[in-house]
Amino acid sequence: MENGKPRVAVFKFSSCSGCQLAILNLEDELLDLVGAVEIVYFLEARRLPESRPYDITFVEGSVTTQEEVERIIKIREDSGLLISIGSCATAGGVQALKNYKDVNHLIDIVYEHPEFIETLEKSTPISEHVKVDVELWGCPVDKYQILEAVSALLQNRRPNLPEHSLCLECKALGRVCVTVASGIPCLGPITKAGCGAICPSVGRGCYGCFGPSKDMDLDAFIPILRETTSSPKEAVELLRTICGYTPEFEKAAQMILEEEVANE
Amino acid sequence: MTDYQLSINTTVAISKPELNKLLDVLSGAGYKTIGPVAKNNSLVYEQIEDISDLPYGYETDQKAGRYRLYQNGGSEYFQATPGASTWKKYLTPPRTKLFGLVNVDNKWKEVPVSEIHPKYAFIGVRPCEIAAIKIQDTVLIREDYVDTLYKKIRDELIIIAVNCLHPADTCFCTSVGGSPEAEDGYDLRLTELDDLFLVNIGSQKGIDMVAQLEYAAANSHSLQIENEMMSEAKEKIKDVLKDYKQLPELLMNNLTHSAWEDVAAKCLSCGSCTSVCPTCFCWDVQDVTNLHGTETQRDKVWDSCFNPTFTAHAGGGCSRPTTTSRLRQRITHKFASWVEQHGGEGCVGCGRCIVWCPAKIDIREELNILQEAFK
Amino acid sequence: MTMSAVEDKMHVEENAMNPNWAVIKKIETETVDTSTLWLEFEDEEVRKDYKYSAGQFNMLYLPIYGESAISISSDPDQEGLIGHTIRFVGNVTRAVSRLNVGDRISVRGPFGTNWPVEESKGKDVIIFAGGIGLAPLRPAIYQIINNRKDYGKVTIVYGARCPSDLLYTGEYEEWRSHDIELMVTVDHADDTWDGLVGVVPMYFYRLRPNPENTVLWSCGPEIMMHFVLYEGLARKIPDNQIYLSYERNMKCGVGVCGHCQHGAYYICKDGPIFTYEQLEPYFNVEDL
């Protein structure tokens, strides 16, 4: 710590940088934040990165290459607390869609020069490689949850991050349930709250970017998802879009696929 | 009509546009007028300024897990029955500040709460919703505890009730001692007929409001139509709960019965039912701090017995870890322990928990299943 | 009840959730994770008016961290500092563990029911406590000692997981000197221990209660209290003479936030101390 301020680093792995932007989007609170901590490594925002150690490290993105496997281990060693931010870092992200396909085939059809591409078979969350102290979910991460996590760490308390379903947050905000009123498929009942019910607020179903909520019930949920989607394919795609690689959502997708096979 | 003697329980007739005048009278007296508005395929309670804000010509189709709002070309403002919105969002808002603290020289100093408590006039309050507000009164204004914010808002509250002439299929007020006809607890009560509102006066405030309107004595023909329509409405609401007065004993004597598991099998544990319930009142207290930890405010926020942290222990674990235990808590609280705690059931039969349950759990059916199983 | 009927009582609960500041005057380390904080209200009026009974609890609030229900562990008959024996296991209590003498903390209370210290005069008293469960019983023990001749035979069986987890070890001799039979046991003995070994309810066999004239008070882990209860019932101690102290997640302390419901009871208001007669309908209900 310099001047008693914790040294903070922000690292990017396989991702779109949207979560780093969420930090920059804090705007009003950003000055406050840089007043409370020393941001020593943040390529998106700072020219000259400083080297280790880091008291608080934010990691955006998932692990998709061998180089990243090695880099995250090094970063963990250099860090006091490690916070993974965003659905790529917490769940593998949208790029985990490749986890269900033959990766070599994908490389062949996507890239003009497949010979330049080196990638692992799967896109995996940070927690699959190193110990993670706090996970902040979302695509992108909620900027206020970042602030809450930093506040909590500075104040030596547990961050106040809801574990319950999105339904409670949606209702408290006075949003109309899109499933009940419009028959729109929504992962809200099995997804953690904390985003501010962004999608239902604009009449869209939740696509689960905050990951599985605690104590949710897949057996009760699958029939609703089947009924609100036009095909099992649509249901599986919805589950797999962002957080499909989480064990819970993957199990849900498997349940639908198995049901499909059984019905044939 | 100045020669007409207005008193409590007088019924007069006003033209439909005259409702606008009533809104003006209320806003002129400093009231924030709240009523049903058609929005996002549902009715929601929001501020209204003009009767054109009301859901004119709408009706609804409701069943378990399904709410559909249609324009039917009709000429009624209050035909469509309410959505998930409840008046409790104004009476006990989802988040309220209890107090603020600021750390000055290592000492916490209180910052006075300067929250404004608006004077509300609720327009279009259903009889079941009046019943729900009465229940909240017994919970929040007690001999040993008073929710001061609630009491302040409640004391100033104007209730313009509306009789329910078109109950939804999910309504079951008559099964829990209610009626689609509001009997008391309002300042004014409207009955919407084809071309006029019948206005029954329920309080002195109601008299004062009506005195400022263009009104006529309700003629016997209108009163007769009102009567017939009320009877039809009552007829339409099926008496679906068997022996609800027996429920407290039956439920509490069978807490370990396996039928609870069957009922809970469909439950998502999402908490939607508690959020839309007009009587559910549970709350949590949270500190909201600034980054440096030099300021904090203590907020009271809605909570739910389905929240995994609801019964959490400080050292880990919780008292109700399963969906079955949480659903059993909700059902036994509403229909059994509430009676012991507050002298009556916690359910008014509005049907919101049925309609807004994504898993389509119909509390009427579930209670009947339980009753059968426990016999 | 009408609204106006409560009007004049309103001031009582007007600020039910507001902080009420007290200063930490003394901290006694009891075990590696448990200390007793001795508090004094800042406001002289509050200090003067504050009365509590044995077994009641306060809500201790530390800004930023939150509030936690903590039993009062001092002597209700003594004026002066109010003791709270706190085990540092949760978010709030761990923050409390970092406080020093002179720091302030908010105290709301006292809340809840108490041990029937008055009503039990003339009777034999059996106390079974486990771990931190001795804390809410200590005020009752003090009050018995204050009026020792008013009670018959007094027996305390206290246990903890290991010798270093035992509370108030410095007071045991004093208690014994007032004709109290005190048995102390540990689940896991170490080299330093030459006392009893085994869980608390095991030692019920050593007692020969005269059931009609005995009250049984117990506080500790629920599983322990349940075995104590079975032993008590087996010896024909009447349902309404067995008292157990329960613990649940509490937020308000006045039976209105809904969290601590246990059947029709609010643990914070109707408890934390119940007779078995009150609890019996719910006794074998899992996850209530």
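Keep in mind that what you see is a predicted model, and the values were worked out from it rather than measured.

What counts as what
- Throughout, residues of each chain are indexed from 1 in the direction in which the sequence is written.
- The order in which chains are written sets their letters, starting at A; the order in which ligands are written sets their numbers, starting at 1.
- Reporting in this predicted model follows two pLDDT cut-offs: at least 70 for local features of residues, and 80 or more for side-chain atom pairs to be given and counted; totals over whole chains, interfaces and linings ignore these cut-offs and use all residues.
- Secondary structure counts use DSSP, requiring at least four H or I residues in a row for a helix and at least two E residues in a row for a strand, with both numbered from the N terminus.
- Every radius of gyration here is taken over C-alpha atoms, with the globule rule written as 2.2 Å times N^0.38, N being the number of residues.
- Each residue is classed by its C-beta neighbour count within 10 Å, where at least 20 other C-beta atoms makes it buried, 12 or fewer makes it exposed, and intermediate counts make it partly exposed; the C-beta atoms are placed from backbone geometry.
- Lines fitted to C-alpha atoms define the axes, with helix axes restricted to the stretch in contact, and inter-axis angles between N-to-C directions lie between 0 and 180 degrees.
- Note that the term roughly parallel is reserved for angles under 35 degrees, roughly antiparallel for angles over 145, roughly perpendicular for angles of 65 to 115, and oblique for everything else.
- Residues are treated as contacting if the C-beta atoms built from their backbones sit within 7 Å of each other.
- Each residue is assigned to one class: nonpolar for Ala, Val, Leu, Ile, Met, Phe, Trp, Tyr, Cys and Pro, charged for Asp, Glu, Lys and Arg, and polar for all the others, Gly among them.
- A domain assignment, automatic or from a database, supplies the domain bounds used here.
- The rule for pairing is simple: two strands pair if DSSP sees at least two bridges between them.
- One fewer than the residue count of a helix, multiplied by 1.5 Å, yields its expected span.
- Here the arc refers to the directions that run from the helix axis out to each C-beta atom.

Here we look at the overall build of chain C
Secondary structure assignment for chain C yields nine helices and 15 strands. Against the compact-globule benchmark of 19 Å for 288 residues, chain C has a radius of gyration of 19 Å, which places it among compact chains. For the C-alpha atoms alone, the extent of chain C along its principal axes is close to 55 × 45 × 40 Å. Expressed as a percentage of its 288 residues, the buried residues of chain C come to 47%.

Looking at the packing of helix α11 (residues 232-240) of chain A against helix α12 (residues 247-263) of chain A
Residue and element names in this part refer to chain A. At their nearest, the axes of α11 and α12 sit 9 Å apart, and the two run at 170° to each other. Considered as vectors, α11 and α12 are oriented roughly antiparallel to each other. Two secondary-structure elements touch here, α11 through Pro-232, Ala-235, Val-236, Leu-239 and Arg-240 and α12 through Phe-249, Ala-252, Ala-253, Ile-256, Leu-257 and Glu-260. Across the contact of α11 with α12, the residue classes tally to nine nonpolar, no polar and two charged.

Some details on unusual backbone geometry
Residues apart from glycine generally show negative phi values, whereas peptide bonds are mostly found in trans. A:Arg52 connects to A:Pro53 through a cis peptide bond whose omega is -10°. In the segment running from C:Gly109 into C:Pro110, the intervening peptide bond is cis, with an omega of -5°. Relative to the elements of secondary structure, C:Pro110 occurs in strand β6 (residues 104-111). For A:Glu27, which is not glycine, the phi dihedral falls at a positive 45°. Mapped onto the secondary structure, A:Glu27 falls in the loop between α1 (18-24) and α2 (30-36). Owing to 8 C-beta atoms within 10 Å, A:Glu27 belongs among the exposed residues under this scheme. Despite not being glycine, B:Asn106 has its phi angle at roughly 65°, a positive value. Secondary-structure assignment places B:Asn106 in the loop between β6 (95-104) and β7 (107-111). Of the residues examined, B:Asn106 has 9 C-beta atoms within 10 Å and is grouped as exposed.

Focus: the interface of chain C and chain A
Counting residues at the interface gives four residues for chain C, matched by four residues for chain A. A class-by-class count of the residues in the side of chain C that touches chain A yields three nonpolar, one polar and no charged.

Quick notes on the domain arrangement of chain C
Residues and elements named next belong to chain C. Each assigned domain of chain C is listed here: domain 1 (3-111) and domain 2 (124-245). Distance between the C-alpha centres of domain 1 and domain 2: 26 Å. Across the contact, 15 residues belong to domain 1 and 13 residues belong to domain 2. Put simply, the parts of the chain that give the side of domain 1 that touches domain 2 at least two residues each are β1 (21-31) and β5 (82-87).

Some thoughts on the pairing of strand β2 (residues 32-39) of chain B
Residues and elements named next belong to chain B. Bridge count for β2 against strand β8 (residues 120-125) is three bridges, and the pairing is parallel. Looking across to β8, one finds that Thr-33 is bridged to Ala-121. When β2 meets strand β3 (residues 42-47), the two strands line up antiparallel, connected through six bridges. For Val-37, the partnering residue across the bridge sits in β3 and is Val-44. Taken together, β2 and the strand that follows it, β3, pair antiparallel across an intervening segment of two residues, in which Asn-40 is found at a positive phi of about 50°.

Here's the deal with helix α7 (residues 222-234) of chain C
All names here are of chain C. Over its 13 residues, α7 extends 18 Å from the first C-alpha to the last, a length consistent with the 18 Å expected when each residue adds 1.5 Å. Three or more residues of α7 are buried, namely Met-224, Met-225, Val-228, Leu-229, Glu-231 and Gly-232. The buried residues of α7 occupy an angular sector of 165° when the element is viewed end-on, so they sit on one face. The exposed residues of α7 that point more than 90 degrees off its buried face are Glu-222, Ile-223, Tyr-230 and Ala-234. Looking at the buried residues of α7, the elements they touch are β7 (124-130), β11 (214-219), β12 (242-245) and α9 (276-279). Once α7 finishes, Lys-236 follows within two positions and takes phi at roughly 65°, a positive value.

Some points on the sheet that holds strand β4 (residues 79-85) of chain A
Residue and element names in this part refer to chain A. Taking strand neighbours across the sheet as the criterion, the five strands line up as β2-β1-β3-β4-β5 in an open arrangement whose pairing is parallel. The sheet is open, and its two borders are formed by β2 (38-42) and β5 (134-136), each paired with just one other strand. Ignoring strand direction, the axes of neighbouring strands in this sheet form an average angle of 20°. Across the sheet, helix α3 (residues 66-78) is in contact with β1 (7-12), β3 (54-60) and β4; its angle to β4 comes to roughly 130°.

Regarding the interface of chain A and chain B
Taken residue by residue, the interface counts 32 residues in chain A and 36 residues in chain B. Sorting the residues of the side of chain A that touches chain B by element identifies α2, α6 (143-155), α7 (166-172), α8 (178-182) and α10 (218-228) of chain A as the ones contributing at least two each. With five residues, α6(A) is the largest single contributor of residues to the side of chain A that touches chain B. Partitioned by chemical class, the residues of the side of chain A that touches chain B number 17 nonpolar, nine polar and six charged.

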